[in-house]
Amino acid sequence: MECKCLVLASSKGGAGKSTICMVVAGRLAKQGVRVAVLDADPNGTISSWHRDYAAEYPMTVVHEVEETEIVPRAEELMEGHDLVIIDTAGFGNRSTVYALAVADHVLIPSQPSGSDLREAAKTIKMVQAAEKMTKRTIPARVVLTRFNDRTKVAAHVLEQLAGIGVERLQTTVAHRTVYFEMTFSGQVPVGDAAGQEIDRLVAELAELGAVPSAKAAAVA
Ligand SMILES: Nc1ncnc2c1ncn2[C@@H]1O[C@H](COP(=O)(O)OP(=O)(O)OP(=O)(O)O)[C@@H](O)[C@H]1O
Ligand SMILES: [Mg+2]
């Protein structure tokens, strides 16, 4: 099976990149997919999480803070894994530019606010520039996080996104204390509302070809 490279990108700090990275990587690793995470954030959020929970979530995690090393490191990881996820740093860091060079898919977490959507639109522009530079198509989608779909602002955000022609995942991630608690507990939710939301997220990404399905990984 060919390895897929999913990049989490957003010029906005605290948008939810590392949280999405953790739940997608954690869930797929538990299902037997050979996952590698390239942690390109100097803060090392994923690296410190995995240091404590490696036994529970078997995957390779490499912390690479040297931006120019991102491409060769990602290429190395693509050998021997089914999925490489790159967790980029937020504001003021060029890791995203380099990560886009090797991305098969880009996921842009965005919270439901005007400033978040503007930043998401900027990130889409970065992807479009990378497409031109690399002369290939790089599918990019927004995933709405801390999103409560019963609010007025939610309807407005969906309208705005459609208006600017930005594609999004149908799955949205709600604002839940359990995601915040995950930074202490290290546990990716299973079974409850958050767990089901993560299952839908992973299933939609597999349907889009952005991550391998656990079944495909098992027969490969
Ligand atoms: N859906 C959610 N519900 C509740 N809390 C959340 C949710 N998503 C993220 N958080 C919390 O918000 C904070 C920022 O999230 P996260 O670290 O994933 O963002 P980030 O985009 O990786 O930030 P940075 O740009 O600094 O790397 C964390 O404390 C995280 O636990
Ligand atoms: Mg982060």
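Scroll up to find the structure.
Residues numbered from 1 in each chain as written. Chains lettered and ligands numbered in written order. Predicted model: local features only at pLDDT ≥ 70, side-chain atom pairs only at ≥ 80, totals over all residues. Heavy atoms only, no water.

Colleague: Sorry if this is basic, but what is going on with the site of ligand 1 here?
Modeller: Around ligand 1 lies a shell of 17 residues, among which Lys17, Ser18, Thr19, Arg146 and Ala174 are the nearest. The contact in question runs from a nitrogen atom of ligand 1 to an N or O atom on the backbone of Ala174, over 2.8 Å. Within the backbone of Tyr179, a nitrogen or oxygen atom sits 3.4 Å from an oxygen atom of ligand 1. In isolation ligand 1 exposes 630 Å². Once the protein is present, 83% of that is buried. Residue assignment for the shell around ligand 1 shows that the elements contributing at least two residues are helix H1 (17–30) and helix H7 (177–185). Class assignment for the residues of the shell around ligand 1 results in 5 nonpolar, 8 polar and 4 charged. (Near = heavy atom within 4 Å. Polar contact = N/O pair within 3.5 Å; in protein donor to acceptor, adjacent residues only side chain to side chain. Areas by Shrake-Rupley, 256 points an atom, 1.4 Å probe, with all protein chains shown as cover. Helix = DSSP H or I, 4+ residues; strand = E, 2+ residues; numbered from the N terminus. Nonpolar A, V, L, I, M, F, W, Y, C, P; charged D, E, K, R; others polar.)

Colleague: I would appreciate a short explanation of the packing of helix H3 (residues 70–78) against helix H4 (residues 95–102) in the present structure.
Modeller: How two helices pack is summed up by the angle between their axes together with the distance between the axes. Taken N-terminus to C-terminus, the directions of H3 and H4 make an angle of 40 degrees; their axes are 9 Å apart at the nearest point. Judged by the angle between their axes, H3 and H4 are oblique. Between H3 and H4 the crossing geometry is right-handed. The segment H3 lies against H4, with Ile70, Val71, Ala74, Glu75 and Met78 engaging Ser95, Tyr98, Ala99, Ala101 and Val102. In terms of residue class, the contact of H3 with H4 is made up of 8 nonpolar, 1 polar and 1 charged. (Axes fitted to C-alpha atoms, helices over the stretch in contact; angles between N-to-C directions. Parallel < 35°, antiparallel > 145°, perpendicular 65-115°, else oblique. Left-handed = near helix turned anticlockwise from the far one by under 90°. Contact = heavy atoms within 4.5 Å.)

Colleague: Help me out: how do you make sense of unusual backbone geometry in this one?
Modeller: What you tend to see is this: most non-glycine residues have negative phi, and most peptide bonds are trans. A positive phi is found at Lys135, a non-glycine position, where the angle reads about 55 degrees. Inspection of the secondary structure assignment puts Lys135 in the loop between helix H5 (114–134) and strand S6 (140–144). Backbone geometry at Arg146 places phi at a positive 50 degrees, although glycine is not the residue there. Topologically, Arg146 is positioned in the loop between S6 and helix H6 (152–163).

Colleague: Quick question: what am I supposed to make of the nonpolar core here?
Modeller: Soluble globular proteins: nonpolar side chains tend toward being buried together. Among the nonpolar cores identified, the biggest contains 34 residues, and Val24 and Leu205 are the most heavily contacted of them. At the level of secondary structure, the elements contributing two or more residues to this core comprise strand S1 (4–8), H1, strand S2 (35–39), helix H2 (45–53), strand S4 (83–87), H7 and helix H8 (193–207). Broken down by element, the residue count for this core peaks at 8 residues, all from H1. Residue contacts for Val24: discarding those within four places in its chain leaves Ile85, Leu201, Val202, Leu205 and Val211. In terms of nonpolar packing, the next biggest core, distinct from the first, is built from 32 residues, Leu38, Leu100, Ala120 and Val127 among them. (Core = buried A, V, L, I, M, F, W, Y, C linked by side-chain atoms within 4.5 Å. Buried < 20%, exposed > 50% of the residue type's maximum accessible area, 1.4 Å probe, protein only.)

Colleague: I would appreciate a short explanation of H5 in the present structure.
Modeller: Helix length check: H5, at 21 residues, gives a terminal C-alpha distance of 30 Å against a target of 30 Å (1.5 Å per residue), a fit within 8%. Along H5, the residues that are buried comprise Asp116, Leu117, Ala120, Thr123, Ile124, Val127 and Ala130. Considered in projection along H5, the buried side chains sweep an arc of 120 degrees and stay on one side of the axis. Exposed and oriented more than 90 degrees from the buried face of H5 are Arg118, Lys122, Lys125, Lys132 and Met133. On the buried face of H5, the contacting elements are H4, strand S5 (105–110), S6 and H6. Positive backbone phi, at 55 degrees, marks Lys135, one or two positions downstream of H5. (Expected span 1.5 Å × (residues − 1). Arc of directions from axis to C-beta.)

Colleague: Help me understand the sheet that holds S1, please; the structure alone is not making it clear to me.
Modeller: The strands that make up a sheet pair up through hydrogen bonds in the backbone, lying either parallel or antiparallel. Across the sheet, which stays open at both edges, the 6 strands sit in the order S3-S2-S4-S1-S5-S6 with parallel pairing between neighbours. Single-partner strands in this sheet number two, and they are strand S3 (60–63) and S6. Taking each pair of neighbouring strands and ignoring which way they run, the sheet shows an average axis angle of 20 degrees. Here S2 runs beside S3; their pairing, made up of 4 bridges, is parallel. Bridge pairing in S3 places Ala36 opposite Thr60. (Pairing = 2+ DSSP bridges.)

Worth remembering: the numbers are spatial, not functional.
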